[in-house]
Amino acid sequence: MKILGFETTCDETGISLIEFKENKKLEFKILAHKLRTQVEVHSKYGGIVPILAAREHKKNLPILLDNLIKETKINLKDVDYFAFSYGPGLPPALVEGKEFVVRLAKRYDKKIIPVNHLLAHFYSILISKNKLNIWQKVRKIEFPAIGLLISGGHTILVHFESFEKFKKLGETLDDAIGESLDKAARILGLEYPGGPKLEKLAKKGKPLFNLPRPMVNQANFNFSFAGLKTAFWELVEEVRRLNKLEEAKADLANSYQKAAFETLIIKVKKALDRYSVKSIIVTGGVISNLTLRKMFLKFFKNKKIYFPLKELSTDNGINIAFASYFFIEKALEPEKLDINPITTI
Ligand code: KG4
Ligand code: ZN
């Protein structure tokens, strides 16, 4: 079975072709992977401009598809399903992706599989190699698990009994963690997307500044990062007034990352205290951060932890094509398999 997956929820245009063996042994091969980021388009505005994101998807989708066809020599008649990420995401960007896929599916008379973007981030941990054209097995996961999705748009804690049966435990009440890292980076004068640049700068510094760990003493699994960002802005202004900003930037970056990341760790620890689980799943763009990976591995060294491959942590078409397979195989109704609204176990 061949699936073509499309990702256009935010500022990455991704198209990937995955083949699954019909032997039910959950073996698959990534046949092609095309990804175009829009960083240059948005960086001058300091964040993503939804209408520009949509315009870029419109421009990039046919180009990437053309490249994919040339590379694989695939005839789209031989693709079984067209999967696309229906959201959550930026509405204008989602519309471009959906319209493109609907037109294509009509032309080739194929079925469309709408995939929830958040679940695709979770399912991505089942892939252990990002190599083209090699057969590989779907990774086995020990359930039940506590799952944490940390991206530019979301910070969500989920209890998974399995990948089909889950319950949302909590989420951010304001900014997502990735958004907060991007904003902190901007306060330090770093360009969008700031997360990776903040990571690099933080490596040169120490956690010398005190910042809050928001909501860690509350008896719930929600997050809030807006106050942390404001506290950071005030701190940076104070350091600037003392004419010490340039020399303190790396320490400030390090201190911000530490406060934000420790908050995540404390909340996951609370979930582990409450629920007896076998493993922890951490996924989404922010887990590209190697410092955070190390913190999780160190803090939860007695638990099994699953991360996606670094290159599959941020948005891409592989995650979408891959996740859709499980909806098809298990005859699940994709729209019903959604983290929002809360699914109860
Ligand atoms: O999952 P993703 O690609 O898009 C959404 O679904 O939102 O996540 C993008 C987010 C951005 O906020 C970006 O700054 C952050 O992931 N990110 C990082 C790193 N790489 C990407 N944050 C911290 N450290 C990184 N290395
Ligand atoms: Zn994402």
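This structure is a prediction, so every number in the text was calculated from the model and none was measured.

The rules behind these values
- Residues numbered from 1 in each chain as written.
- Chains lettered and ligands numbered in written order.
- Predicted model: local features only at pLDDT ≥ 70, side-chain atom pairs only at ≥ 80, totals over all residues.
- Heavy atoms only, no water.
- Pairing = 2+ DSSP bridges.
- Helix = DSSP H or I, 4+ residues; strand = E, 2+ residues; numbered from the N terminus.
- Axes fitted to C-alpha atoms, helices over the stretch in contact; angles between N-to-C directions.
- Core = buried A, V, L, I, M, F, W, Y, C linked by side-chain atoms within 4.5 Å.
- Buried < 20%, exposed > 50% of the residue type's maximum accessible area, 1.4 Å probe, protein only.
- Contact = heavy atoms within 4.5 Å.
- Donors = N, O, S within 2.8 Å, 3.2 Å for Na, K, Ca; no water.
- Tetrahedral: all angles 85-135°; square planar, octahedral: opposite > 155°, others 65-115°.
- Salt bridge = Lys/Arg side-chain N within 4 Å of Asp/Glu carboxyl O.
- Phe/Tyr/Trp six-rings, centres within 6.5 Å; stacked < 30°, edge-to-face > 60°.
- Domains from an automatic or database assignment.
- Buried area = accessible area lost by both parts, 1.4 Å probe.
- Polar contact = N/O pair within 3.5 Å; in protein donor to acceptor, adjacent residues only side chain to side chain.
- Arc of directions from axis to C-beta.

K.L.:
Explain the sheet that holds strand β11 (residues 304–306) to me, please; I cannot follow it from the model alone.
P.N.:
Pairing between sheet strands relies on hydrogen bonds along the backbone, with the strands arranged either parallel or antiparallel. Strand order in the open sheet formed by five strands is β9-β8-β7-β10-β11, with mixed pairing between adjacent strands. Both outer strands of the open sheet, β9 (166–171) and β11, are each paired with one neighbouring strand and no more. Taking each pair of neighbouring strands and ignoring which way they run, the sheet shows an average axis angle of 20 degrees. Pairing analysis gives six bridges linking strand β7 (residues 145–150) to strand β8 (residues 155–160), with the strands arranged antiparallel. Across the sheet, the residue bridging to I150 is T155, located in β8.

K.L.:
Is there a simple way to explain the nonpolar core in this structure?
P.N.:
Soluble, globular proteins show a tendency: their nonpolar side chains are buried together. F232 and F296 are the most contacted members of the largest nonpolar core, which has 48 residues in total. At the level of secondary structure, the elements contributing two or more residues to this core comprise β7, α5 (177–187), α6 (194–202), α7 (226–241), α8 (245–274), β10 (279–283) and α9 (290–299). At 14 residues, the largest contribution of residues to this core is made by α8. Each residue touching F232, except ones within four places of it in the same chain, is listed here: A184, I187, L188, L211, L252 and Y256. Counting 40 residues, the second-largest nonpolar core is a separate cluster that includes I156, I281, F322 and F326.

K.L.:
Would you explain the coordination of the zinc ion (ligand 2) in this entry?
P.N.:
Around the zinc ion (ligand 2), the protein contributes the donor atoms H117 (NE2), H121 (NE2) and D315 (OD), at 2.0 to 2.1 Å from the metal centre. Geometry at the zinc ion (ligand 2) is irregular, judged from the four donor atoms that bind it and their angles of 97 to 135 degrees at the metal. Mapped onto the sequence, the residues coordinating the zinc ion (ligand 2) show the spacing H-x3-H-x193-D. Here H117 and its partner H121 are both found in helix α4 (residues 117–123), four residues apart, which amounts to about one turn of the helix.

K.L.:
When you look at the pattern of salt bridges in this model, what are you seeing that I'm missing?
P.N.:
Pairs can form between side chains of opposite charge once their charged atoms are near each other. Inspection of every chain in the model, using the stated rule, returns 16 salt bridges. The partner of E56 in a salt bridge is R55, with the nearest N and O atoms 3.5 Å apart. K168 serves as the salt-bridge partner of E171, at 3.0 Å between the closest nitrogen and oxygen. Overlapping salt bridges, with partners in common, bring together D175, E179, K183 and K229 in one network.

K.L.:
I keep staring at the packing of aromatic side chains and nothing clicks. Help me out?
P.N.:
The description of an aromatic ring pair uses the distance of the two centres, along with the angle that the planes make with each other. Using the criterion set out here, one finds 19 aromatic pairs in the structure. Residues F20 and F322 carry aromatic rings whose centres are separated by 6.1 Å and whose planes lie at 35 degrees to one another, so their mutual orientation is tilted. Linking F20 in strand β2 (residues 12–20) with F322 in helix α11 (residues 317–329), this pair joins segments that are 302 residues apart in sequence. The exposure classification of F20 matches that of F322, with both residues buried. The structure contains a cluster of three or more aromatic residues connected by ring pairs, namely F20, F28, F122, Y123, F143, F160, F163, F166, F322, Y325, F326 and F327.

K.L.:
Looking at this model, I keep getting lost on the domain arrangement of the chain. Mind explaining?
P.N.:
Interfaces are frequently sized by the accessible area removed from exposure as the parts join. Per the domain assignment, the segments of the chain are domain 1 (2–130 + 314–336) and domain 2 (145–308). Measuring from the centre of the C-alpha atoms in domain 1 to the corresponding centre in domain 2 gives 27 Å. Each partner contributes to the interface: domain 1 provides 20 residues, whereas domain 2 provides 23 residues. Both faces combined, the contact of domain 1 with domain 2 buries some 1,700 Å², and carbon together with sulfur accounts for 74% of it. The largest contributions to the domain 1 side of the interface with domain 2 come from H121, F122 and I125, which together make up 37% of the buried area. Between the two partners, domain 1 and domain 2, sit zero salt bridges. On inspection of domain 1 and its partner domain 2, the count reaches three residue pairs in polar contact (both at pLDDT 80 or more). Of all the elements in the fold, those that place two or more residues in the side of domain 1 that touches domain 2 are α1 (39–43) and α4.

K.L.:
What exactly am I supposed to notice about α9 here?
P.N.:
Given 3.6 residues to a turn, an α-helix orients residues that are three or four positions apart in the same direction. Buried residues of α9: L292, R293 and F296, and no others. Considered in projection along α9, the buried side chains sweep an arc of 105 degrees and stay on one side of the axis. α9 presents K294 and K298 as exposed residues on the side facing more than 90 degrees away from its buried surface. Among the structural elements, β7, α8, β10, β11 and α10 (310–313) are those in contact with the buried residues of α9. At the N-terminal boundary of α9, the capping side chain belongs to N289, with an oxygen 3.0 Å from the backbone nitrogen of T291.

K.L.:
Whenever I open this one, the pairing of β7 confuses me. Can you help?
P.N.:
On any regular strand, side chains alternate: one points to one face of the sheet, the next to the other face. Most of β7 is tucked away: six of the six residues are buried. Residues of β7 alternate between two faces, with A145, G147 and L149 on one and I146, L148 and I150 on the opposite face, all of them buried. Between β7 and the antiparallel strand that follows it, β8, lie four residues. As paired strands, β7 and β10 are joined by five bridges and run parallel to one another. If you follow I146 over to β10, its bridge partner there is I280.

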